[in-house]
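# Tertiary structure, described
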Amino acid sequence: MRTQTEQEAFWAGDFGDSYVKRNVITPASRVPFFNEILGLAPGVQSVCEIGANVGHNLIALKSLVPSLCVTGIEVNPTAFGNLSSIPGINSVRSSIQDYEPERRFDLVFTCGVLIHINPSGLPQVYKKMAAIAEKYVLINEYFNPTPVEIVYRGHLGKLFKRDFGSDFLDTIEGFEPVRWGFLWKRMEPAWDNSTWILLRRTG
């Protein structure tokens, strides 16, 4: 049986609960970004978000395409309680490492989740994302050209920046970049200066 990582325990505990209370996001504010992504990723009928929190991104996606089949994976019990109460969202309390779905999804994505995974565990996470993605992978995270650790609210070992898109492509075969961009908080306050990369399965 796999041992829970320090980071998983951290986010599943009190700090993760505080994060849920502190970060209140209106799903409507996320609609413009996901509308752009769906325009770049034709044919998406099913979506899986890794680290879905309380479901604001999935609600935004459902508002754009009500027929979309959406699944959210969440490790924090408080966030999962909120997520599981939303009609039309399939919710799973699990880490990405332990998640074993019965199907693939047209689009698998993260928003501010990979930054909180220990770098030593990223290859396993990338492999799982690729394994469950039928067509597309979307990575939306803090960017740094070289790997760096950031002190996060006084905690060490909890936030890591890097070029996640390149890291994914260097680890996983069979994907290519579609588009990438920067969500500048000054102009798009629903986001926090994150860089996104949309990848498409080839072959």
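Details of the structure are given in the entry above.
A few points on the structure. The model shown is predicted, which means the values in this text are computed figures rather than measured ones.

This part covers the packing of helix α3 (residues 27-40) against helix α4 (residues 56-64). Packing of α3 against α4 leaves a shortest axis separation of 8 Å and a crossing angle of 65 degrees. You can see that α3 and α4 cross each other, and the crossing is right-handed. Residues Pro27, Arg30, Val31, Phe34, Asn35 and Leu38 of α3 form the contact with α4, whose participating residues are His56, Asn57, Ile59, Ala60, Leu61, Ser63 and Leu64. When grouped by side-chain class, the residues that make up the contact of α3 with α4 number eight nonpolar, four polar and one charged.

A word on the environment of Lys127. Tracing the backbone through its elements, the reader meets Lys127 in helix α6 (residues 122-132). Sequence-wise, Lys127 and Ile172 are 45 residues apart; in three dimensions their C-alpha atoms are separated by 6.8 Å.

Spatial ordering of the open sheet is given by β3-β2-β1-β4-β5-β9-β8, a layout of seven strands whose pairing is mixed. The open sheet terminates on both sides in strands that have one partner only, identified here as β3 (89-93) and β8 (175-183). Between one strand axis and the next, the sheet turns by 15 degrees as a mean value, whatever way the strands run. Strand direction decides the pairing type here: strand β1 (residues 46-50) and strand β2 (residues 69-74), joined by five bridges, are parallel.

Axis separation between α6 and helix α7 (residues 164-171) bottoms out at 10 Å; the angle between their running directions is 75 degrees. Looking at the two axes, α6 sits roughly perpendicular to α7. Residue-level contacts link Leu122, Pro123, Tyr126, Met129 and Ala130 of α6 to Phe164, Asp167, Phe168 and Thr171 of α7. Partitioning the contact of α6 with α7 into residue classes produces seven nonpolar, one polar and one charged.

Enumeration over the complete set of coordinates arrives at one cavity of 30 Å³ or more. Estimates place the volume of the largest cavity at around 30 Å³. What lines the largest cavity is Ile139, Glu141, Tyr142, Phe143, Arg162, Phe164, Gly165, Thr195 and Ile197. Among the secondary structure elements, those contributing two or more residues to the lining of the largest cavity are β5 (133-141), α7 and β9 (194-201).

Right, let's get into a nonpolar patch on the surface. Where nonpolar side chains cluster on the molecular surface, the patch consists of Phe182, Trp184 and Met187 and spans about 360 Å² of accessible area. Note on placement: Phe182 falls in strand β8. Exposure remark for Phe182: the relative accessible area of 46% places this residue in the partly exposed category.

Turning our eyes to something else, we now look at the packing of aromatic side chains. Enumeration according to the criterion identifies seven aromatic pairs in this entry. Ring centres of Phe33 and Trp196 lie 5.7 Å apart, and the angle between their planes is 70 degrees; on these two criteria the pair is classed as edge-to-face. Taken together, the positions of Phe33 in helix α3 and Trp196 in strand β9 put the pair 163 residues apart, joining distant regions of the chain. Ring pairs connect the aromatic residues Phe33, Phe34, Phe109, Trp191 and Trp196, which therefore count as one cluster.

Once that is clear, we can look at the pairing of β2. Each regular strand shows side chains that alternate between the opposite faces of the sheet. With respect to burial, β2 is a largely interior element, five of its six residues being buried. You can see the chain leave β1, run along α4 and come back into β2, and the turn it takes is right-handed.

Reading guide: rules and limits
Residues numbered from 1 in each chain as written. Predicted model: local features only at pLDDT ≥ 70, side-chain atom pairs only at ≥ 80, totals over all residues. Heavy atoms only, no water. Axes fitted to C-alpha atoms, helices over the stretch in contact; angles between N-to-C directions. Helix = DSSP H or I, 4+ residues; strand = E, 2+ residues; numbered from the N terminus. Left-handed = near helix turned anticlockwise from the far one by under 90°. Contact = heavy atoms within 4.5 Å. Nonpolar A, V, L, I, M, F, W, Y, C, P; charged D, E, K, R; others polar. Pairing = 2+ DSSP bridges. Parallel < 35°, antiparallel > 145°, perpendicular 65-115°, else oblique. 1 Å grid on protein atoms, 1.4 Å probe; cavity = no way out; pocket = protein on both sides within 12 Å on 5 of 7 lines; lining within 4 Å. Points joined across faces, edges and corners; volume = space filled by probe spheres on them. Patch = residues over 30% accessible without salt bridge, like charges linked within 9 Å, V, L, I, M, F, W, Y side chains within 5 Å. Areas by Shrake-Rupley, 256 points an atom, 1.4 Å probe, with all protein chains shown as cover. Salt bridge = Lys/Arg side-chain N within 4 Å of Asp/Glu carboxyl O. Buried < 20%, exposed > 50% of the residue type's maximum accessible area, 1.4 Å probe, protein only. Phe/Tyr/Trp six-rings, centres within 6.5 Å; stacked < 30°, edge-to-face > 60°. Right-handed = clockwise from strand over helix to strand, strands pointing away.

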